Amino acid sequence: MKQDMIVILDLGSELNTMVARAVRALGVYSEIYPHDITADKLKAMPNVKGIIVNGGPNNIVDGEKIFVSDEVYNLGIPVMAVEHDAAKTDNKLAKWPDDEEQVKELLKPFVFDICKSEANWNMKNFVADQIELVKKQVGDKKVLLALSGGVDSSVVAALLIKAIGKNLTCVHVNHGLLRKGEPEQVVEVFRNQLDANLVYVDASERFLGKLKDVADPEEKRKIIGAEFIRVFEEEARKLEGIDFLAQGTIYPDIVESGTKTAKVVKSHHNVGGLPEDMQFELVEPLYYLFKDEVRACGIELGLPDNMVYRQPFPGPGLGVRCLGAITRDRLEAVRESDAILREEFANYGLDKKVWQYFTAIPDFKSVGVRDNARSFEYPVIIRAVNTVDAMTATIEPIEWEILNKITKRIINEVPGVNRVCYDLTPKPTGTIEWE
Ligand code: XMP
């Protein structure tokens, strides 16, 4: 292994994630574990240079105060205790002050002077380590990956191609609800450029058939999710001798900040609802990365910028942006208007600034006038929001000139659309998506 590591043991602190990020910002890798990890497990981890016992307000579980076992203190690895009655260590800290910069300063003497860690955490080393670990885990067996084309699955694919080449099979299911150019880019990047073993399944007709006349948003979601698993399962059954399933699980999926220590590691091992007779061991090479690190990893692996910096896109795709029962004409209109919006946002540099932006199309028409004649066509709604965690969101104040240009392009270039509206509703009361 190429990287030194500081382990953070969670005793109910709300700042585990911040401390982990602060250690990583110092250039030293860090991981968070529950307080009751055994000394043997810690001993088995390579390159652990120091342990931070991170106490906090939630260190009472079921009425009992929780502790780290004496064996951990006696491992011979330096221990720092924070907000915890650690008579067993000399590196005590009463509490963290609140921002990451100050936490970094408080950590420096422990991380470098006491633990003698080297600042060798970088993406080059991370990728090299993961390739080694994946090779060790998988050997010459075969791995399957559902490659959506989203950031996480794309980075997993690129990493596994480096590690095991053709022993990885990527399955890309096009459910017909992807954005313009997305399935083509997956094929171009993974099959043509990276020479991956890629199974491309165009299941558009099948999905549209199942969704015909279904107007309820939750029903649409259920159908898309269930059908996706069915198609993926059918493809998986056609493949011989697969032992492993790769997943783009990332650290925020695992670490809950502000959780009780007993709940630190979420049960997230849901292999996409595959049937029980299809059991795979999981390969999760991004397990310990935060989202910005996943992107940096993608860049290190040579993936294109527009794949690595993609905005979030819901699993049901354009299905929840083509409001009500999906029709082909409106699906095409939402796809085309979204492509125009994305192109213009990129032209004006808004793609780097705005968290999520897209169009939605309602299932009613309005009267307008085109070429001196009455028109009766659909409106398109533009949504552009900023948020930290998608729980609340504010509206991007797009310049008038840009809005005008986008509007003109949509009403001139997208068949069947005669109006454009800009949705000014924050979340709450609106949600980010319309369905
Ligand atoms: P809402 O609409 O709930 O969206 O404010 C918050 C974030 O979640 C995305 N979203 C979804 N993602 N499956 C997903 O994978 C879904 O069914 C789904 N619905 C909403 C949405 O795009 C936004 O980023």
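Treat the numbers as computed from the prediction; the structure is a model and nothing was measured. (Residues numbered from 1 in each chain as written. Predicted model: local features only at pLDDT ≥ 70, side-chain atom pairs only at ≥ 80, totals over all residues. Heavy atoms only, no water.)

(A) Geometry of the overall build of the protein chain. What the protein chain contains, in helices and strands, is 14 helices and 17 strands. Expressed as a percentage of its 435 residues, the buried residues of the protein chain come to 53%. Put simply, of all contacts in the protein chain between residues at least 6 apart along the chain, 75% involve residues at least 24 apart. A total of about 20,300 Å² of accessible surface is found on the protein chain, and carbon and sulfur atoms cover 51% of it. Counting 54 positive and 68 negative side-chain charges, the protein chain places the centres of these two groups 3 Å from one another. (Helix = DSSP H or I, 4+ residues; strand = E, 2+ residues; numbered from the N terminus. Buried < 20%, exposed > 50% of the residue type's maximum accessible area, 1.4 Å probe, protein only. Contact = heavy atoms within 4.5 Å. Areas by Shrake-Rupley, 256 points an atom, 1.4 Å probe, with all protein chains shown as cover. Lys, Arg positive; Asp, Glu negative; His and termini not counted. Charge placed at Lys NZ, Arg CZ, Asp CG, Glu CD.)

(B) Focus on the nonpolar core. Membership of the largest hydrophobic core comes to 61 residues, with the highest contact counts inside it found for Ile51, Val143, Leu160, Phe190, Leu286 and Cys297. When residues of this core are assigned to domains, at least three map to each of domain 1 (5-114) and domain 2 (123-308). Counting residues in hydrophobic clusters, the runner-up holds 46 residues, among them Leu177, Val201, Met278 and Tyr357. (Core = buried A, V, L, I, M, F, W, Y, C linked by side-chain atoms within 4.5 Å. Domains from an automatic or database assignment.)

(C) Spatial organisation of the site of the ligand. The environment of the ligand is made up of Arg221, Pro314, Gly315, Pro316, Trp355, Gln356, Ala390, Lys427, Thr431, Ile432 and Glu433. Between Arg221 and the ligand, the recorded distance is 2.5 Å, taken from a side-chain N or O atom to an oxygen atom. Taking Gln356, its side chain carries an N or O atom lying 2.8 Å from an oxygen atom of the ligand. When isolated, the ligand has an accessible area of 500 Å², and the protein chains bury 69% of it. Partitioning the shell around the ligand into residue classes produces five nonpolar, three polar and three charged. (Near = heavy atom within 4 Å. Polar contact = N/O pair within 3.5 Å; in protein donor to acceptor, adjacent residues only side chain to side chain. Nonpolar A, V, L, I, M, F, W, Y, C, P; charged D, E, K, R; others polar.)

(D) Representation of the environment of Lys41 in the model. Here Lys41 shows up in helix H2 (residues 39-44). Along the sequence, Lys41 and Val72 sit 31 residues apart, while their C-alpha atoms lie 9.9 Å from each other.

(E) The arrangement of the sheet that holds strand E1 (residues 5-10) in detail. Taking strand neighbours across the sheet as the criterion, the five strands line up as E2-E1-E3-E6-E7 in an open arrangement whose pairing is parallel. The open sheet is flanked by strand E2 (29-34) and strand E7 (91-93), the only strands paired with a single partner. Averaged over all adjacent pairs, the angle separating strand axes in this sheet is 20°, with direction ignored. Across the face of the sheet, helix H1 (residues 16-25) comes into contact with E1, E2 and strand E3 (48-54) while running at roughly 155° to E2. (Pairing = 2+ DSSP bridges. Axes fitted to C-alpha atoms, helices over the stretch in contact; angles between N-to-C directions.)

(F) Main features of the side chain of Asp423. Structurally, Asp423 can be placed in the segment after strand E17 (417-422). Among the residues examined, Asp423 registers a relative accessible area of 10% and is labelled buried. In this structure Asp423 touches Ile381, Ile382, Arg383, Ile395 and Trp434, once residues within four positions along its chain are discounted.

(G) The arrangement of helix H5 (residues 123-138) in detail. Relative to the 22 Å expected for 16 residues at 1.5 Å per residue, H5 spans 22 Å between its end C-alpha atoms, a close match to the ideal helical length. Elements that come into contact with the buried residues of H5 comprise strand E8 (142-146), helix H6 (151-164), strand E11 (242-246), strand E12 (281-283) and helix H11 (291-300). In this structure Asn122 caps H5, since a side-chain oxygen of it lies 3.2 Å from the backbone nitrogen of Lys124. (Expected span 1.5 Å × (residues − 1).)

(H) View of the side chain of His175. In this structure, His175 sits in the loop between strand E9 (168-174) and helix H7 (182-193). By relative accessible area, which is 4% here, His175 ends up buried. Within the structure, the side chain of His175 is placed 3.1 Å from the backbone nitrogen of Leu177, a separation counted as a polar contact. Engagement of the side chain of His175 in a polar contact is seen with the backbone oxygen of Gly315, the distance being 3.2 Å. Contact partners of His175, with chain neighbours within four places excluded, come to Ser204, Phe207, Ile224, Gly315 and Pro316.

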